[in-house]
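Summary of the model geometry
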Amino acid sequence: MKKIGFLVVLAFSLAFGTQVVSAQTHNIQVDLKKVGSPIQKTMYGIFFEDINYGADGGLYAEMIKNRSFEFPQSLLGWTTFGNVEVRTDGAPFTNNPHYVRLSYAGHNDKQTGMDNEGFFGIAVKQNAEYRFSVWARTNGDANSGIRIELIDPESAIFLSQKLTVDSKEWKKYQVILKSPRTETKARLRIFLTSKNSLDLEHVSLFPVDTWKGRENGLRKDLAQALYDLHPGVFRFPGGCIVEGTDLNTRYQWKNSVGPIENRKLNENRWEYTFPQRFFPDYYQSYGMGFFELFQLSEEIGAEPLPVVSCGLSCQFQNKDPKAHVAVNELDPYIQDALDLIEFANGDITTKWGKLRADMGHPASFNLKQMAVGNEQWGSLYAERLEPFVKAIRAKYPTFKIVGSSGPSSDGKDFDFGWSEMKRMKADLVDEHYYKDPQWFLANANRYDNYDRKGPKVFAGEYACHPKNRKNNFESALCEAAFMTGFERNADVVYQCTYAPLFAHVQGWQWRPDLIWFDNLRSVKSPNYYVQQLYGMNVGTNVLTTVENKLPLEGQEGIYASSALDKNKNELILKIANMSDLKKQINYEFAGLKKADRQATLTSLSSENPDVENTLDKPLNVTPKTSAMTINDKYFSFELTPKSFYVVVIKL
Ligand code: AHR
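This section reports on the structure supplied with the text. (Residues numbered from 1 in each chain as written. Predicted model: local features only at pLDDT ≥ 70, side-chain atom pairs only at ≥ 80, totals over all residues. Heavy atoms only, no water.)

Some points on the sheet that holds strand β8 (residues 129-138)
Test applied: A pair of strands is considered paired only if DSSP assigns at least 2 bridges between the two. Per the convention used, a helix needs a DSSP run of H or I reaching at least four residues, while a strand needs a run of E reaching at least two, with both numbered from the N terminus. For helices, the fitted line uses only the C-alpha atoms of the stretch in contact; every axis is such a line through C-alpha atoms, and the angle between N-to-C directions lies from 0 to 180 degrees.
The strand order across the open sheet formed by five strands is β4-β5-β13-β8-β11, and the pairing between neighbours is antiparallel. Of all strands in the sheet, those with a lone pairing partner are β4 (83-87) and β11 (171-178), marking the two edges. Across the sheet, the mean angle separating the axes of adjacent strands is 35° when strand polarity is ignored. Where β4 and strand β5 (residues 99-103) come together, five bridges link them in antiparallel fashion.

Here we look at the packing of aromatic side chains
Applied cut-off: Note on aromatic contacts: the rings of Phe and Tyr and the six-membered ring of Trp form a pair at centre separations within 6.5 Å, being stacked when their planes are under 30 degrees apart, edge-to-face when over 60 apart, and tilted otherwise. Only protein chains enter the calculation, and the probe is 1.4 Å; a residue is then buried if its accessible area is under 20% of its type maximum, exposed if over 50%, and partly exposed in between.
This model, assessed by the stated rule, comprises 53 aromatic pairs. Where Phe120 meets Phe279, the ring centres are 6.5 Å apart and the plane angle is 80°; that geometry is what we call edge-to-face. One end of the pair, Phe120, is in the loop between β6 (113-116) and β7 (122-124); the other, Phe279, is in the loop between β15 (266-267) and β16 (283-284), with 159 residues separating them in the sequence. In this structure Phe120 comes out as buried when scored by relative accessible area, which is 19%. On the basis of relative accessibility, which here comes to 11%, the residue Phe279 falls in the buried class. Look at Phe294 and Phe343: their rings are 6.3 Å apart centre to centre, the planes differ by 50°, and that puts the pair in the tilted class. Residue Phe294 is located in helix α3 (residues 290-299), and its partner Phe343 is located in helix α4 (residues 331-345); the two are separated by 49 residues in the primary sequence. With relative accessibility at 1%, the residue Phe294 sits in the buried group. Look at Phe343 and you get buried, because its relative accessible area is 0%. Counting every residue linked through ring pairs, the aromatic cluster contains Phe234, Phe236, Tyr251, Trp253, Tyr286, Phe290, Phe291, Phe294, Phe343, Trp352 and Phe365.

As for the pairing of strand β1 (residues 25-31)
Within β1, six of the seven residues are buried, which leaves the element mostly enclosed by the surrounding structure. Of the pairings in the sheet, the one linking β1 to strand β27 (residues 545-547) comprises two bridges and is antiparallel in character. Bridged to Val30 within β27 is Thr545.

With respect to the site of the ligand
Defined as follows: For this purpose, a residue is taken to be near a molecule or strand whenever a single non-hydrogen atom of the residue falls within 4 Å of it. In protein, a polar contact means a hydrogen-donor-capable atom and an acceptor-capable atom, both N or O and within 3.5 Å, with residues adjacent in sequence counting only if both atoms are side-chain atoms; elsewhere, any N or O pair within 3.5 Å suffices. For accessible areas, the Shrake-Rupley method is used with a probe of radius 1.4 Å. Any residue's cover is judged against the shown protein chains and nothing else. Basically, the charged four are Asp, Glu, Lys and Arg, the nonpolar ten are Ala, Val, Leu, Ile, Met, Phe, Trp, Tyr, Cys and Pro, and anything else, Gly included, counts as polar.
The environment of the ligand is made up of Glu49, Gly239, Cys240, Trp270, Asn374, Glu375, Tyr434, Glu461, Pro500 and Trp510. In the environment of the ligand, an oxygen atom lies 2.6 Å from a nitrogen or oxygen atom belonging to the side chain of Glu49. In this structure, Asn374 approaches the ligand through a side-chain N or O atom, which is 2.9 Å from an oxygen atom. If the ligand stood free it would expose 280 Å²; the protein chains cover 95% of that surface. Partitioned by chemical class, the residues of the shell around the ligand number five nonpolar, two polar and three charged.

Overview of the nonpolar core
Put simply, the rule reads: Grouping buried Ala, Val, Leu, Ile, Met, Phe, Trp, Tyr and Cys residues that are joined through side-chain atoms within 4.5 Å yields what is termed a nonpolar core. When checking whether two residues touch, look at their non-hydrogen atoms; a contact exists if any pair is within 4.5 Å.
The biggest cluster of nonpolar side chains holds 123 residues, and the ones touching the most others in it are Phe48, Leu59, Leu226 and Phe486. Considering each element in turn, this core owes the most residues, nine residues, to helix α9 (residues 473-488). Discounting chain neighbours no more than four positions away, the residues touching Phe48 are Gly54, Ala55, Leu59, Phe234, Arg235, Phe236, Pro237, Gly238, Met288, Leu293, Leu501 and Phe502. Core analysis: the second largest hydrophobic core is formed by 32 residues, Ile148, Val165, Leu188 and Ile190 among them.

What about the sheet that holds strand β35 (residues 634-639)?
Reading across the sheet, the five strands line up as β28-β27-β1-β32-β35 and stay open at both edges, with mixed pairing between neighbours. The open sheet has two edge strands, β28 (550-551) and β35, and neither has a second partner. As paired elements, strand β32 (residues 583-590) and β35 share six bridges and run antiparallel to each other. Directly across from Glu588, in β35, lies its bridge partner Tyr634.

Digging into unusual backbone geometry
Most peptide bonds are trans, and most residues other than glycine sit at a negative phi. Each neighbour pair has its own omega, and for Gly238 with Gly239 the value is 25°, a cis peptide bond. Note on placement: Gly239 falls in the loop between β14 (233-236) and α2 (240-243). Here the amide bond leading from Arg511 into Pro512 is cis, since omega sits at 0°, within 30 degrees of zero. Along the chain, Pro512 turns up in the loop between β23 (502-504) and β24 (515-517). The phi dihedral of Tyr286 falls on the positive side, at around 60°, and the residue is not glycine.

Here we look at the pairing of strand β13 (residues 198-207)
For β13, a buried count of ten out of ten residues is recorded, marking the element as mostly surrounded by other parts of the structure. When β5 meets β13, the two strands line up antiparallel, connected through three bridges. Each residue of the ladder has a partner; that of Val100, found in β13, is Leu200. Both β8 and β13 contribute to a ladder of eight bridges, which runs antiparallel. What sits directly across from Ala136, in β13, is Leu200.

Re the side chain of Arg235
Structurally, the position occupied by Arg235 is in strand β14. Here Arg235 falls in the buried class, since its relative accessible area comes to 0%. Side chain to side chain, Arg235 and Asn374 meet in a polar contact 2.7 Å long. Separated by 3.4 Å, the side chains of Arg235 and Asp430 make a polar contact. What Arg235 contacts, discounting residues up to four positions off in sequence, is Ile46, Phe47, Phe48, Leu305, Val307, Asn374, Asp430, His432, Phe458, Gly460, Glu461 and Thr497.

Observations regarding α3
Owing to its 3.6 residues per turn, the α-helix brings residues three or four apart onto one side. Among the ten residues that make up α3, nine are buried, leaving the element largely enclosed by the rest of the structure. All of the buried residues in α3 are Phe290, Phe291, Glu292, Leu293, Phe294, Gln295, Leu296, Ser297 and Glu299. Turning to α3, the residues buried within the fold contact α1 (220-227), β14, β17 (303-308), α4 and α5 (351-358). Backbone geometry just after α3 places Gly301 at a positive phi near 80°.

This is the structure in structure tokens:
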């Protein structure tokens, strides 16, 4: 077994009193005799929202922007030349009625066609394959044709492929393009190559190598990063986009299912929410809709947690009560929530269960919980939530309902929200807090005195925001320290999800975020690694962990919690050192007999609190793991300043 330089593994035969004690020493007792509260499998999860180009231009691998010509400016993202018209007559997809007609430019030397700029460019890798597809029809009896090209920023063509359109009826055509080189900022160009005109709709380009190889697929590196987090729960699709800036633009899950070509485009409120980060081309194609999100949830091993509109549009943006659905007109919204449960779980003979089966998933998605409303507050919310609770309880008595406590971590609205949730017997209350490092460190004891008899806590959006709002190591460490409070209070904290999840380096509106990416690369923030360490080491039960009979909640900068994993027969220790000092940690395990035990120790540390992981330097902060043997009921090791450790001991 390897011995690690800085790590001192001692077989203590003496009691703590006789050990070396100094100002930097902490003697911690972990009690294995009393198995504490269960920790939910869902405890550490992820929250996906289409913000920062998280979906279109991000996780959803489509490379063509405005593929169905449905943006309010039908040709946004496209540059046309020659004779190109946008039309709607005889369109193949009723929800997306626009298409383009490419006609002869009028002279042999003139050209008709169009370029697509992609999302911040189209990025391709050398020797990788890309699936170009399009719905098309000819006009007139002769065949029509197009040439598809990829061109670089200097307008040099580096890939060219012909495609014949041979039918007057709308039909899907596809061709595989193999890129001869890597290019980060290409454009896709389509030339009309025939005198006979043709119509094009739903122009699409995907990498062949997507997550699970699906044609309407997800970016493999980004989906893999989610899988690698070992998330217990997957909250989606938002966030504020659930509410919409107005009711018309709220997320309607029914628009996000069925054939992708017919999913109705929606605005994305993150286009304009922050005028200093304005993105006029930010829309939601719903190509990655509720079916795909449920499917992803299953594939990454997380329990799905959809959020539905409660009939309130964004309360920040709508002070006029008339901007919301009247309480007595909520029925269609409530029906949407009930239908969603049927879509996820219903038998394939039911209307929505059948759609799920038709889409390729006859088995249930095993949906157990749903959030009604995102970040809502006040009596406006309570009076709308109540009829949802009644209707859902009546049809699905054991289904878990998540209510909101609003955007603040405390205060009048927060307290009112909680009291209403208790009254309505909501199962979980969603709390949101984006706070500075000091707050996180001072609040590791936040849940110690929560009412154990009321609804459970779902920390549905949280992140430590340092001054520069970057994903630096300091913020990650504060989250690690704070999260020991989640674990210690697992009897009341049911689950948590960091927010937001993704950000495109060129298209972000909000930071910090867990995973950053450009069109070819992605990078895991230090915060990601904290989430991963928790996600990989959940445990099944809390173990009392104290120093001088008190929980470790920041005394001299130390935060600690411990868990037992009954299934894997493991003891899991988590400990963060927020101080600038080295610490000698002496653990004593009550109830553990002397024996040789295999263990791993994983550390996350940096001397520079401001350091980030970037696309160019992705490995500045990463966990380091070493194996060792522990041979007593004592275990000592040294914590470096500013560090987080997870020790897993096989019992
Ligand atoms: O996570 C970003 C936003 O923060 C979410 O959309 C919203 O719920 C919160 O205000």
